[in-house]
Amino acid sequence: MSKVLPPLPAIRAFEAAARLGSFTRAADELHMTQAAVSYQIKQLEQRLGLGLFHRQPRQVVLTPAGHRLAPAVLDAFKQLRTAFAQAIERVETELAITALPTIAAAWLVPRLGAFQLAHPRLAVRLDTAVELVDLNRGEFDVGIRIGAGEWPGLDADFLLPSLFTPLCSPALRERLRTPADMLALPRFGRERWWRAWFAAAGLADADLTAKPGVELDVEQHAVTAAIAGHGVALSSPLFFEQDIAAGRLLQPFELVVRDQRDYWLTYPTTLRTSEKIRAFRTWLLAQAAACCQERQDAR
């Protein structure tokens, strides 16, 4: 196929000249000299063994061979222009975000409306898959990840600390006078977090096997079970501040433990100057700072 297809510069010159009916106008559009356009088309004609244009004093007219070739070439370039225009429109008018399910649903989504009000021309697309997405593939613009803040090819801005503390329904609160009381209740959440929290509470030797816990894939599901009164969930009070404020969820003990991994806003290093990413970064970091400050003031 490469032997049949002429060089792209020659095809571009032919398409522009056929569409505009002028080597001069084609040269202006392609930011070339008229001589360069004429040369490219001459090379194309020699390669094909066909005359494609009748050269006239102030215009060029397609020959019968040129007329046969032109529709397919013009249509191909039209499709290319449409494809690139759509790609550019997506880049300029859509912000695609990937985030873990719990921080997305419980913390980000309730705030996203304010961002869209401030940027009405920017559509937001949010994906909450658990699987880690490669941001350098271009499907998403930014991601909210948990980790140490170091990912190859990505910039990372600290967003929120990864905190965990027991959370329960008001009905269960009456049964929790000491941390040890939770050992007899259903516990939802990561076992390593429970062990770390009990150790920080002075119960490093707590037997978690007497009443095994339930570890769910999505942290929010554990809190949903706790709100329903089915047990105690271990999660971040930052994510469920509205449920706590409304009294649907209670934090029975003041002790809050911080995980070794925190939440970060990430995006490809090559896109750090993107206007939409800079706008989202400024807004999101301000939201996170305000959230942490509100919790600090409430203590």
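In this report, the structure presented in the accompanying data block is examined. Everything quoted here is computed from the prediction, not taken from an experiment.

Looking now at the pairing of strand 4 (residues 123–127). Here strand 3 (residues 94–99) runs beside strand 4; their pairing, made up of five bridges, is parallel. The partner of Ala 96 across the bridge, within strand 4, is Arg 125. Between strand 3 and its parallel partner strand 4, the chain crosses via helix 5 (residues 101–118), and the hand of that crossover is right-handed.

All told, the structure shown has eleven aromatic pairs when counted by the stated rule. Ring centres of Phe 280 and Trp 283 lie 5.9 Å apart, and the angle between their planes is 35°; on these two criteria the pair is classed as tilted. Here Phe 280 pairs with Trp 283, and both are found in helix 10 (residues 275–298), just three residues apart, close to one helical turn. Relative accessible area serves as the criterion here: at 0%, Phe 280 is assigned to the buried category.

On the surface, Leu 48, Leu 50 and Leu 69 cluster together into a nonpolar patch covering about 210 Å² of accessible area. With respect to the helices and strands, the residue Leu 48 is situated in helix 3 (residues 34–48). On the accessibility criterion, Leu 48 (35% relative accessible area) is partly exposed.

The subject of this paragraph is helix 7 (residues 191–200). Residues that lie three or four places apart on an α-helix share one face, since the helix turns once every 3.6 residues. Three or more residues of helix 7 are buried, namely Trp 193, Trp 194, Trp 197 and Phe 198. Seen from one end, helix 7 has its buried residues packed into an arc of 130°, which puts them on one side. Contact partners of the buried residues in helix 7: strand 7 (163–167), strand 8 (187–188), helix 8 (219–227), strand 9 (232–235) and strand 10 (257–258). Phi turns positive, to about 90°, at Gly 202, one or two residues after helix 7.

Of all seven residues in strand 11 (residues 262–268), seven are buried; the element is thus mostly enclosed. Of the two faces of strand 11, the one holding Asp 262, Trp 264, Thr 266 and Pro 268 and the one holding Tyr 263, Leu 265 and Tyr 267 are both buried throughout. Sheet analysis places strand 5 (residues 142–147) next to strand 11, joined by five bridges and oriented antiparallel. Bridging across to strand 11, Ile 146 finds its partner in Tyr 263.

Below, the discussion takes up the sheet that holds strand 5. Taken in spatial order, the five strands line up as 4-3-5-11-6 in an open sheet, and their pairing is mixed. Only two strands of the sheet have a single neighbouring strand rather than two, namely strand 4 and strand 6 (154–160). Each strand of the sheet is rotated relative to its neighbour by a mean of 25°, with strand direction disregarded. Packing of helix 5 onto the sheet brings it into contact with strand 3, strand 4, strand 5, strand 6 and strand 11, and relative to strand 4 it is tilted by some 175°.

Tracing the chain through its elements places Ala 96 in strand 3. Residue Ala 96 is classed as buried on the basis of its relative accessible area, which comes to 0%. Between the C-alpha atoms of Ala 96 and Tyr 39, which are 57 residues apart in sequence, the distance is 45 Å.

Tallied over the full model, the rule gives 13 salt bridges. Notably, a salt bridge pairs Arg 55 with Glu 45, separated by 2.9 Å at the nearest N-O pair. One end of the pair, Arg 55, is in strand 1 (residues 53–55); the other, Glu 45, is in helix 3, and ten residues separate them in sequence.

Here we come to the nonpolar core. In terms of nonpolar packing, the biggest core is built from 37 residues, with Trp 107 and Phe 280 touching the most fellow members. Among the elements of the structure, strand 3, helix 5, strand 5, strand 6, strand 7, helix 8, strand 11 and helix 10 are those that each provide at least two residues to this core. The element contributing the most residues to this core is helix 5, with seven residues. Each residue touching Phe 280, except ones within four places of it in the same chain, is listed here: Leu 95, Ile 97, Leu 108, Leu 112, Phe 115, Val 142 and Leu 265.

On to unusual backbone geometry, then. Residues other than glycine seldom take positive phi values, yet His 31 does so here, at roughly 55°. In this fold, His 31 is placed in the loop between helix 2 (23–30) and helix 3.

Read from one edge of the open sheet, four strands run 8-9-7-10, paired in mixed fashion. Of all the strands in the sheet, just strand 8 and strand 10 have a single pairing partner and so form its edges. For strand 7 and strand 10, the ladder comprises two bridges, and the chain directions are antiparallel. The residue bridging Leu 163 from the neighbouring strand is Arg 258, located in strand 10. Contacts between helix 7 and the sheet are confined to strand 7, strand 8, strand 9 and strand 10, with strand 7 contributing the most and set at about 80° to the helix. Contacting strand 7, strand 8 and strand 9, helix 8 runs over the sheet at an angle of about 145° to strand 9.

Conventions adopted
- Residues numbered from 1 in each chain as written.
- Predicted model: local features only at pLDDT ≥ 70, side-chain atom pairs only at ≥ 80, totals over all residues.
- Heavy atoms only, no water.
- Pairing = 2+ DSSP bridges.
- Helix = DSSP H or I, 4+ residues; strand = E, 2+ residues; numbered from the N terminus.
- Right-handed = clockwise from strand over helix to strand, strands pointing away.
- Phe/Tyr/Trp six-rings, centres within 6.5 Å; stacked < 30°, edge-to-face > 60°.
- Buried < 20%, exposed > 50% of the residue type's maximum accessible area, 1.4 Å probe, protein only.
- Patch = residues over 30% accessible without salt bridge, like charges linked within 9 Å, V, L, I, M, F, W, Y side chains within 5 Å.
- Areas by Shrake-Rupley, 256 points an atom, 1.4 Å probe, with all protein chains shown as cover.
- Salt bridge = Lys/Arg side-chain N within 4 Å of Asp/Glu carboxyl O.
- Arc of directions from axis to C-beta.
- Contact = heavy atoms within 4.5 Å.
- Axes fitted to C-alpha atoms, helices over the stretch in contact; angles between N-to-C directions.
- Core = buried A, V, L, I, M, F, W, Y, C linked by side-chain atoms within 4.5 Å.

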